[in-house]
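Fold and geometry: a report
Chain by chain, the residues:
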Amino acid sequence: LSRLFLERIHQSDLNAFLHVDDTLTLAQAKAADEKFAKKEAGKLTGIPVAHKDVFVTKGWRSTAASKMLANYTSPFDAAVVEKLQQAGMVTLGKLNCDEFAMGSSNETSWFGPVKNPWDKTAIPGGSSGGSAAAVAAGLTPVATGTDTGGSIRQPASFCGITGIKPTYGRVSRHGMMAYASSMDQGGPLAKTAEDCAMLLTAIAGFDPRDSTSVERETEDFTRDLNKPLTGLKIGIPREYFGEGLAADVEQAVRNALAEYEKLGASLVDISLQNTTMCIPAYYVIGSAEASSNLSRFDGIRYGFRAENYTDLQDMYRKTRTEGFGEEVRRRIIMGTYVLSHGYYDAYYIHAQKIRRLIAEDFRAAFTRCDVIMGPVSPTVAWNIGEKADDPVASYLGDIYTISTNLAGLPGMSIPCGFGQGEINSRRPVGLQLTGNYFDEMRLLNIAHQYQ
Ligand code: GLN
């Protein structure tokens, strides 16, 4: 099985993979075969998986799609990688993404953009663009991704696949390169909710190596997949269907909602009134945390170091200027600014207050409904290069996904139809499901009933 996928990967021109090593993969596949021979195989034994390149892996390179770490190999495995390997899964390689997971289109990768398999002139979404494109193109059955502000849900939506961002604290962040630690969360991308449920079951759980990991009983997320949806109350946030939402996306989402009504659900009008404030709040908090997390890349401890420098200061400056791409540098500067004396209260503290208001909106909404539904993104995938020089346009596209991370809630994207690309191609549309804290079981059930 792994050999088949490796062949497809070698033939693909999507730029979804950054590092494959057939020898390592086939050795893991052989070990899986032996488990079968000894009748020790579990549900996931021998199934191939590929990891977003922000999860460190022993053996394969771990680059975060940055020049800074272009030749970096980690001495240990991330918790997610470790757990899937323990379950017998076979690693196919490492997947392209936006540099340090900062972006919405996979164009900030130092290794170049990933192409959307539905239309190779389109972006696959980001930052887990390589993960989504690889699953959609059949280069791997399932993949891991991370979601700090939509990076699992938005690429899943743009590539017509399924992805789940778990509740903050559900999946260990140990060995996941940090972007914005208070929002980063790893999760699976796959073709179906059922596959996501199997993967989530394997990766969820308490880990003392991650200080924000939550202690909870382990759950089998496939348990409730077949529960009927009769009586389900779906909250429809007014703010998600207003100005800025493309007509083709709105149509696909409304069709999906009508399907849910046929399955026995009812729609409830709700308000998430602070929605427009989520973008500035997220980019202030996210950048602040990034500026702190990325200070470790100093040319000494890891990876790249500039060649010619005069003294220590000059070495730091040149290493970080040459090693980081434009978007990463922009966020470090923005983050340093909002944390600096005199601006901290005006920006950072203010953003934290907005964060609380956003969480409060969700709390109130969940007293009236069981799940919230809406679009993942205001548009279908745009063309490669289209927004490359306009970061703000790209930030605005995160409007429906970001508040979930600010509140720490679980969210999903499931395919619900197609819209039109500019050149009249079929580009997938995703339906977003947002659940209450630790309600992944129900989200997966709701997604599975539609699929
Ligand atoms: N697009 C968002 C950003 O650029 C989200 C990224 C993410 O979730 N990692 O920050």
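Provided above is the structure to which this section pertains.
Along every chain, residues carry numbers that run from 1 in the direction the sequence is written. Reporting in this predicted model follows two pLDDT cut-offs: at least 70 for local features of residues, and 80 or more for side-chain atom pairs to be given and counted; totals over whole chains, interfaces and linings ignore these cut-offs and use all residues. Side-chain metrics rest on all non-hydrogen atoms present in the structure, leaving aside hydrogens and water.

Observations regarding the pairing of strand S5 (residues 162-165)
Judged by which residues are buried, S5 turns out to be covered on both faces: Thr-162 and Ile-164 on one side and Gly-163 and Lys-165 on the other are all buried. Bridge analysis of S5 against strand S6 (residues 186-190) gives two bridges, and the strand direction is antiparallel. Counterpart to Thr-162 in the pairing with S6 is Ala-190. Pairing geometry for S5 and strand S10 (residues 411-420), over three bridges, is antiparallel. Note on S10: the bridge partner recorded for Lys-165 is Gly-411. When accessible area is computed with a 1.4 Å probe and restricted to protein chains, residues below 20% of their type maximum are described as buried, those above 50% as exposed, and intermediate ones as partly exposed. Helical segments are the DSSP runs of H or I of at least four residues, strand segments are the runs of E of at least two, and each set is numbered from the N terminus. When DSSP finds two or more bridges between two strands, those strands count as paired.

Notes on the packing of aromatic side chains
A pair of Phe, Tyr and Trp rings is counted when the ring centres sit within 6.5 Å of each other, with Trp represented by its six-membered ring. The angle between the planes then sorts it: under 30 degrees is stacked, over 60 is edge-to-face, the rest tilted. Taken as a whole and assessed by the stated rule, the structure comprises 16 aromatic pairs. Consider the rings of Tyr-240 and Tyr-400, whose centres lie 5.0 Å apart with planes at 35°: the pair is tilted. In this pair, Tyr-240 is assigned in the loop between strand S7 (233-237) and helix H7 (247-262) and Tyr-400 in the loop between helix H12 (391-396) and helix H13 (402-407), connecting sequence segments 160 residues apart. Chaining the aromatic ring pairs together yields one cluster made of Tyr-72, Phe-100, Phe-297, Tyr-302 and Phe-324. Here, a charge over a ring is recorded when the distance from Lys NZ or Arg CZ to the ring centre is within 6 Å and its angle to the ring normal is within 35 degrees. Across from the ring centre of Trp-382, 3.8 Å away, lies the NZ or CZ of Lys-387, which sits over that ring. Its end group placed over the ring of Phe-418, Arg-426 keeps NZ or CZ at 3.9 Å from the ring centre.

A closer look at a nonpolar patch on the surface
Nonpolar side chains (Val, Leu, Ile, Met, Phe, Trp, Tyr) within 5 Å and like charges within 9 Å form the patches, drawn only from residues with over 30% relative accessible area and no salt bridge. Where accessible areas are quoted, they stem from the Shrake-Rupley method and a 1.4 Å probe; at the residue level, only the protein chains shown are allowed to cover. We count a salt bridge whenever a side-chain nitrogen from Lys or Arg sits within 4 Å of a carboxyl oxygen from Asp or Glu. Residues Tyr-337, Tyr-343 and Tyr-347 make up a contiguous nonpolar surface patch of about 290 Å² in total accessible area. On the secondary structure map, Tyr-343 appears in the loop between helix H10 (326-339) and helix H11 (344-365).

Considering the site of the ligand
By convention in these notes, a residue is near a molecule or strand provided one of its non-hydrogen atoms lies within 4 Å of it. Taken together, 15 residues surround the ligand, and among them Ser-104, Gly-149, Ser-151, Tyr-282 and Arg-331 come closest. In protein, a polar contact requires one atom able to donate a hydrogen and another able to accept it; more generally it is a pair of N or O atoms within 3.5 Å, and residues adjacent in sequence count only if both atoms are side-chain atoms. In the model, an oxygen atom of the ligand is placed 2.6 Å from a nitrogen or oxygen of the Gly-149 main chain. One of the side-chain N or O atoms of Asp-398 is found 2.9 Å from a nitrogen atom in the ligand. In isolation the ligand has 290 Å² of accessible area, and contact with the protein removes 99% of it. The classification used treats Ala, Val, Leu, Ile, Met, Phe, Trp, Tyr, Cys and Pro as nonpolar, Asp, Glu, Lys and Arg as charged, and all other residues, Gly among them, as polar. Residue classes in the shell around the ligand are distributed as five nonpolar, seven polar and three charged.

Let's talk about the pattern of salt bridges
Any two side chains of opposite charge can pair, so long as their charged atoms come close to each other. If you walk through the whole model with that rule in mind, you get 23 salt bridges. For Asp-207, the salt bridge is made with Arg-209, and the minimal N-O distance between the two is 3.0 Å. Classification of Arg-209 by relative accessible area gives partly exposed; the value is 43%. The partner of Asp-370 in a salt bridge is Arg-442, with the nearest N and O atoms 3.6 Å apart. With Asp-370 in the loop between H11 and strand S9 (371-375) and Arg-442 in helix H14 (residues 440-450), this pair connects stretches of sequence that are 72 residues apart.

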